[in-house]
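Okay, here's what each chain looks like letter by letter:
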Amino acid sequence: MGLMSGFGLGRGAIPALGGVSREIARSIAPDLARGLAEAVSRIPVPEPGALPPARPGSGYDRLIDAINRLPRPLMAFGAQALVLYALLDPEGFAARMQGLDAMPEALWWLLGGVITAYFGAREAHHLRNRGTQGGGGAVATGADAAPKRPDDRSDAANPALEDWRSNG
């Protein structure tokens, strides 16, 4: 049993959903949809040799990096899938929402806390590393990050640190 058939969707559901979303976009903002299509067609496609080399690391490191990139897209696509599911099968959607309604409030708080901690930690990481970003916008981490030496004088404008270094 495939994923789509589990939701009560037949074989032609995905192309039909694409057509529905295209029609909705055209009816809401026809000029915007046309302009977006033209803008996407003008995006240059880089040559395969022009792409940056893959980050060095073990297979385990690459697997963990890949897993860490999943929560945001899964939540975004999951929310969109719920809307489409509600449109395509309102009775099935209502039955599943009744099941969610039976979930204890403490479990909702726990779920909210986990999501908040994930996004809060991610935002804090980006705020902490805001000054270490290169021109490409990527944060230098892992093997790319240059370790800071204790004798590095790049923060010489700090008088307290200068005093501490001179007395040390």
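This text follows the structure it describes.
Residues numbered from 1 in each chain as written. Predicted model: local features only at pLDDT ≥ 70, side-chain atom pairs only at ≥ 80, totals over all residues. Heavy atoms only, no water.

**Student:** Can you lay out the overall build of the chain for me, pointing to particular residues and giving the numbers?
**Tutor:** When helices and strands are tallied, the chain shows eight helices and zero strands. Listing each helix as α and each strand as β along the chain from the N terminus yields α-α-α-α-α-α-α-α. Within the chain, the fraction of its 168 residues that count as buried is 4%. Of the contacts made within the chain by residues no fewer than 6 positions apart, 36% connect residues no fewer than 24 positions apart. Put simply, the chain shows about 13800 Å² of open surface, and 65% of that area lies on carbon and sulfur atoms. (Helix = DSSP H or I, 4+ residues; strand = E, 2+ residues; numbered from the N terminus. Buried < 20%, exposed > 50% of the residue type's maximum accessible area, 1.4 Å probe, protein only. Contact = heavy atoms within 4.5 Å. Areas by Shrake-Rupley, 256 points an atom, 1.4 Å probe, with all protein chains shown as cover.)

**Student:** I'd love a proper account of the packing of aromatic side chains, names of residues and values included.
**Tutor:** For the structure on display, the rule yields two aromatic pairs. Between tyrosine 85 and phenylalanine 93 the ring centres are 6.1 Å apart and the planes differ by 75°, which places this aromatic pair in the edge-to-face class. The partly exposed category is assigned to phenylalanine 93, whose relative accessible area is 21%. Geometrically, the ring pair formed by tyrosine 118 and phenylalanine 119 is edge-to-face, given 5.0 Å between the ring centres and 80° between the ring planes. The class of tyrosine 118 is partly exposed, set by a relative accessible area of 27%. Classification of phenylalanine 119 by relative accessible area gives partly exposed; the value is 29%. (Phe/Tyr/Trp six-rings, centres within 6.5 Å; stacked < 30°, edge-to-face > 60°.)

**Student:** A description of the packing of helix H5 (residues 71–88) against helix H7 (residues 105–128) should follow, citing residues and the corresponding values.
**Tutor:** Two elements in contact, H5 and H7, have axes whose closest approach is 12 Å; the angle formed by their N-to-C orientations is 130°. With respect to H7, the axis of H5 lies oblique. You can see that H5 and H7 cross each other, and the crossing is left-handed. Listed contacts from H7 to Pro71, Arg72 and Met75 of H5 are Ile115, Tyr118, Phe119 and Arg122. Taken together, the residues of the contact of H5 with H7 sort by class into five nonpolar, no polar and two charged. (Axes fitted to C-alpha atoms, helices over the stretch in contact; angles between N-to-C directions. Parallel < 35°, antiparallel > 145°, perpendicular 65-115°, else oblique. Left-handed = near helix turned anticlockwise from the far one by under 90°. Nonpolar A, V, L, I, M, F, W, Y, C, P; charged D, E, K, R; others polar.)

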